[in-house]
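Listed below, chain by chain, are the residues.
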Amino acid sequence: MTELHAPSEPHDEGMLDVGDGNLVYWEARGNPDGKPAVVVHGGPGSSLVGSTGRSFDPDRYRIVLFDQRGCGRSTPHAGDPSTDMSVNTTEHLLADLELLRAHLGIERWLLYGGSWGSTLILAYAERHPEHVSEILIQSVTTCRRSEIDWLYHGVGRFFPEEWERFRAGARGAGHGDGLLAAYARLMDDPDPDVRGRAAADWLAWEDAVVSQEPHGTPNAYSDRPPAAQLAFVRICAHYYANDAWLEDGVLLRDADRLAGIPGVLLHGRLDLGAPLETAWELARAWPDAELVVVADSGHTGSDAMRREVVQALDRFSRS
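Here's a quick rundown of the structure. (Residues numbered from 1 in each chain as written. Predicted model: local features only at pLDDT ≥ 70, side-chain atom pairs only at ≥ 80, totals over all residues. Heavy atoms only, no water.)

1. A few points about the environment of Val49
Moving on, step 1. Inspection of the secondary structure assignment puts Val49 in the loop between β3 (35–40) and β4 (61–66).
Moving on, step 2. Distance from Val49 to Leu151, taken between C-alpha atoms, is 24 Å for residues 102 residues apart in sequence.
Moving on, step 3. In contact with Val49, other than residues within four places in its own chain, are Asp67 and Gly72. (Helix = DSSP H or I, 4+ residues; strand = E, 2+ residues; numbered from the N terminus. Contact = heavy atoms within 4.5 Å.)

2. Section: the sheet that holds strand β5 (residues 109–114)
Moving on, step 1. Taken in spatial order, the 8 strands make up an open sheet running β1-β2-β4-β3-β5-β6-β7-β8, and their pairing is mixed. Strand pairing shows two members of the sheet lacking a second neighbour, β1 (12–19) and β8 (289–294), which therefore form its edges. The sheet shows a mean angle of 20 degrees between the axes of neighbouring strands, direction not considered.
Moving on, step 2. Summarising the sheet, β3 and β4 pair through 5 bridges and their orientation is parallel. Note that in β4 the partner of Val39 across the bridge is Leu65.
Moving on, step 3. Sitting on the sheet, helix α10 (residues 303–317) touches β3, β4, β5, β6 (132–138), β7 (263–268) and β8, and the angle it makes with β7 is about 175 degrees. (Pairing = 2+ DSSP bridges. Axes fitted to C-alpha atoms, helices over the stretch in contact; angles between N-to-C directions.)

3. Some words on the pattern of salt bridges
Here the idea is simple: oppositely charged side chains can pair when their charged atoms come close.
Moving on, step 1. Under the criterion given, the structure shown has 20 salt bridges.
Moving on, step 2. Among the ionic pairs, Arg69 bridges to Asp96, the shortest N-O distance being 2.7 Å. On the criterion of sequence distance, the pair formed by Arg69 in the loop between β4 and α1 (90–103) and Asp96 in helix α1 is long-range, its members being 27 residues apart.
Moving on, step 3. Note that Asp188 is salt-bridged to Arg234, the shortest N-O span being 2.8 Å. On the criterion of sequence distance, the pair formed by Asp188 in the loop between α5 (179–187) and α6 (192–210) and Arg234 in helix α7 (residues 226–241) is long-range, its members being 46 residues apart.
Moving on, step 4. Overlapping salt bridges, with partners in common, bring together Glu247, Arg253, Asp254 and Arg257 in one network. (Salt bridge = Lys/Arg side-chain N within 4 Å of Asp/Glu carboxyl O.)

4. Overview of α5
Moving on, step 1. Among the 9 residues of α5, 8 are classified as buried, and the element is accordingly described as predominantly covered.
Moving on, step 2. Of the positions making up α5, those classed as buried are Leu179, Leu180, Ala181, Ala182, Tyr183, Ala184, Leu186 and Met187.
Moving on, step 3. For α5, the elements touching its buried residues are α3 (145–152), α4 (160–168), α6 and α7. (Buried < 20%, exposed > 50% of the residue type's maximum accessible area, 1.4 Å probe, protein only.)

5. Some words on unusual backbone geometry
Moving on, step 1. Gly43 connects to Pro44 through a cis peptide bond whose omega is -5 degrees.
Moving on, step 2. With respect to the helices and strands, Pro44 occurs in the loop between β3 and β4.
Moving on, step 3. At the junction of Thr75 and Pro76, the peptide bond is cis and its omega measures out at -5 degrees in the coordinates.
Moving on, step 4. With respect to the helices and strands, Pro76 occurs in the loop between β4 and α1.

Nothing here speaks to function; it is geometry throughout.
Below you can see the structure in the form of structure tokens.
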């Protein structure tokens, strides 16, 4: 088993007012004078709850963790149906991340994250390359239409029974504008039973997609606390029904803006939810990035994946 670094407690934390009535929870661990690094969690809406940054050497890094709008300890919580989702978009999250950097007095920081976190990292780094020292991504996604369609439709060819149940779960929401939009409407329904059923159906599908991974965890998504389940599904459906408010293919098209930023892209060869193709294309468009394909890993990782993360962060800590 890969040995992670010693745990550290937060030496600073707070609730950052990012506007629109939103407060974003953040905390800093490790060495206050160390190399700044920020963990950008996935989902969207997964939160950093349970993450302590142990992949980082706490003697060398100033480790910043935060909950994106609407999830974790950030307020208001998307599990509450009264929470306004119109002020929770990719643009809002990018602005929040930059506001957090300025609030902490950081000039340049390393960006680390995966899945949805990688999309947010790439969008941020392409907009603010001058504030990025290095990038480490685990499970590369860019939210192209083809990637979203694969996760919520195409991969159903491997799980036809489970996908049929997922599709059936949206039937009560009406027709005409797609499965994801139907789930987004269900998650805004005032009836808690409607929201609960929709969340359970969505999470069962997410669990099915990772169910065949060699190192996967059973019920990886549906084991979350009830409020966290509701927030995760509501935020996911909201973002993906709107294609994450990103022009199709823009993050790959603008990858030249990452020139000069060292990067490591880690991707599991057995990742069914986010196939390797996207990581391969990004590595070809970003010459300063090294692609490492982890043979035994899927979307939820493996010990070999964790070892690659620790090794890359240890290497970056000396630069």
